[in-house]
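Okay, here's what each chain looks like letter by letter:
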Amino acid sequence: MKDFIVGTAGHIDHGKTMLLKALTGIDADRLQEEKRRGITIDIGFTHLAVGPYRLGFIDVPGHEKFVKNMLAGVGGIHLVLLIVAADESVMPQTVEHFEICKLLGIPRGIVVLTKKNLVEEDLLSLVEEEVRDLARGSFLEESPIVHVDSVSGDGIEQLKEVLLKEVRELEKDQGSHRSQNMVFRLPVDRVFSMKGFGTVVTGTLWSGSLQKEALIAAYPQNKPGKVRRIEVFNQEEPQAFSGQRTALNLTGMERVQLERGTILSHPDCFSPSYHLDAKVQLLEDTPKPLKHRSPIRFHHGSGEWIGRLYLLEKDPVLPGGLAIVQIRLEQPVVCMPRDHFIIRRYSPLRTIGGGIILDNAPSKHRKKELPQVLSSLQKLDRSLVGDVPRGDLALVEFLVQSKGWRGILLPELVS
């Protein structure tokens, strides 16, 4: 079976968890507080076999206070279900979640109008039109729209058929499986202990593969450990591959040494960095221009880091604008060129944009160096769009040239 990850997105109480339960028979709300309050607080997981595919679903909270948790789950998904309740239509977190999905470069999606039984047909058509307006010009512009009632099950079988069709289209995109040949990376989204087993972590395997008994490391600390047991979609397996929801039973690592945002990979494979050069895109509705040295919250993988954004070419960056920047963080992070990220205001909390990593371990740039640095980063940015082999070659050339006479270590060339 081939595996793909599907994520939900949408406003609170629009029926994301109920829909997944109707689809898979599994309640993704696992916390007692979630069941008591009747809302999703943290990311949840379930899965379903559709034709020759196994789909792992990531359910995300829709409340504005839990966007941080939502971001911890959507980084590795291949397809999104944008869920809109027919009795409320497009709401604030519908828009915010949709913008996040665009900034993360999620390639495909399906719009699901839930609670269809609560409205008349003419209102259902009006909501569909409002969603089309929201999606115009985006990756969801031509996406299918499915109407469902999760309580009665009306429309669920149709949604499964549409899911099968969309996943087949994903499979045709060879780029979606390029990650199989890349270095193993798993951003940790849960850490817990099990009696008789010890430390267990879960996450979506972003790239590469991992075998039982393999030696691994937890970054940014480069803490060594070993894989004692692997489970994929709740079944023990000898090996895990990219695109799979994976649980790892680890030895040599204590629970207190791991946290959400930790990256698991091969030992001595990465050089964590406090600095990142990147291209940033601000949202059109960002309340005010972004100034030099603005404090931000940087979201990558399953983690969040505090830092500042240093503008290398424009000051300020206007809403909707693009800019080449350097992000300087308070703690080191493991990223790779081409990785997508989200930035939020430090306070008050609000998503303001996102972007793509260009250089994952640059030095601090001095003012006199900026013209040459900007020229190189802009050239690299252009090269990373489109043809993958050409982008790989341009990336290696950039990294080697940027280090100059100092040379570059193999871990710095991992891609």
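Our subject in this report is the structure included herewith. In this text, all values refer to a predicted model and were calculated from it rather than measured experimentally. (Residues numbered from 1 in each chain as written. Predicted model: local features only at pLDDT ≥ 70, side-chain atom pairs only at ≥ 80, totals over all residues. Heavy atoms only, no water.)

**Observations concerning the nonpolar core**
Counting residues in each nonpolar core, the largest one holds 52 residues, and the members touching the most others are Leu248, Leu250 and Leu264. Residue contributions to this core peak at five residues, all from helix α3 (residues 67-74). Sequence-distant contacts of Leu250, defined by excluding residues within four places in its chain, comprise Thr199, Val201, Ile216, Lys226, Val227, Leu258 and Leu264. Core analysis: the second largest hydrophobic core is formed by 24 residues, Leu79, Leu81, Leu163 and Leu170 among them. (Core = buried A, V, L, I, M, F, W, Y, C linked by side-chain atoms within 4.5 Å. Buried < 20%, exposed > 50% of the residue type's maximum accessible area, 1.4 Å probe, protein only. Helix = DSSP H or I, 4+ residues; strand = E, 2+ residues; numbered from the N terminus. Contact = heavy atoms within 4.5 Å.)

**Some remarks on the packing of α3 against helix α4 (residues 92-103)**
Relative to each other, α3 and α4 sit at 35 degrees, their axes nearing to 12 Å. Both α3 and α4 take part in a crossing whose hand is right-handed. Taking contact as the criterion, the partners of Val67, Met70, Leu71 and Val74 in α3 are, on α4, Glu96, His97 and Ile100. In the contact of α3 with α4, the residues fall into five nonpolar, one polar and one charged. (Axes fitted to C-alpha atoms, helices over the stretch in contact; angles between N-to-C directions. Left-handed = near helix turned anticlockwise from the far one by under 90°. Nonpolar A, V, L, I, M, F, W, Y, C, P; charged D, E, K, R; others polar.)

**Concerning empty space enclosed by the protein**
As enumerated under the stated definition, the model contains three cavities of 30 Å³ or more in all. Taken as a whole, the largest cavity encloses approximately 80 Å³ of empty space. Lining the largest cavity are 13 residues, with Ala72, Gly73, Asp189, Thr204 and Trp206 sitting closest to its centre. Of all elements in the fold, only α3 and β7 (186-194) reach the threshold of two or more residues within the lining of the largest cavity. The element that contributes the greatest number of residues to the lining of the largest cavity is α3, accounting for three residues. Of the residues assigned to the lining of the largest cavity, the class counts are five nonpolar, six polar and two charged. (1 Å grid on protein atoms, 1.4 Å probe; cavity = no way out; pocket = protein on both sides within 12 Å on 5 of 7 lines; lining within 4 Å. Points joined across faces, edges and corners; volume = space filled by probe spheres on them.)

**Thoughts on the pattern of salt bridges**
In the structure shown here, the tally under the stated rule is 22 salt bridges. A salt bridge links Arg54 to Asp3; the shortest N-O distance between them is 2.7 Å. One end of the pair, Arg54, is in strand β3 (residues 53-59); the other, Asp3, is in strand β1 (residues 2-9), and 51 residues separate them in sequence. Asp3 shares its class with Arg54; the two are buried. Across the pair Lys226 and Glu213 runs a salt bridge whose closest N-O atoms are separated by 3.3 Å. Of the two residues, Lys226 sits in strand β11 (residues 223-232) while Glu213 sits in the loop between β9 (209-211) and β10 (215-219), which places them 13 residues apart along the sequence. Relative accessible area serves as the criterion here: at 33%, Lys226 is assigned to the partly exposed category. Take Glu213: its relative accessible area is 42%, and that puts it in the partly exposed class. A cluster of three or more residues bridged by salt bridges with shared partners is formed by Lys212, Arg229, Glu231 and Glu236. (Salt bridge = Lys/Arg side-chain N within 4 Å of Asp/Glu carboxyl O.)

Remember, this is a structural readout, not a statement about activity or role.
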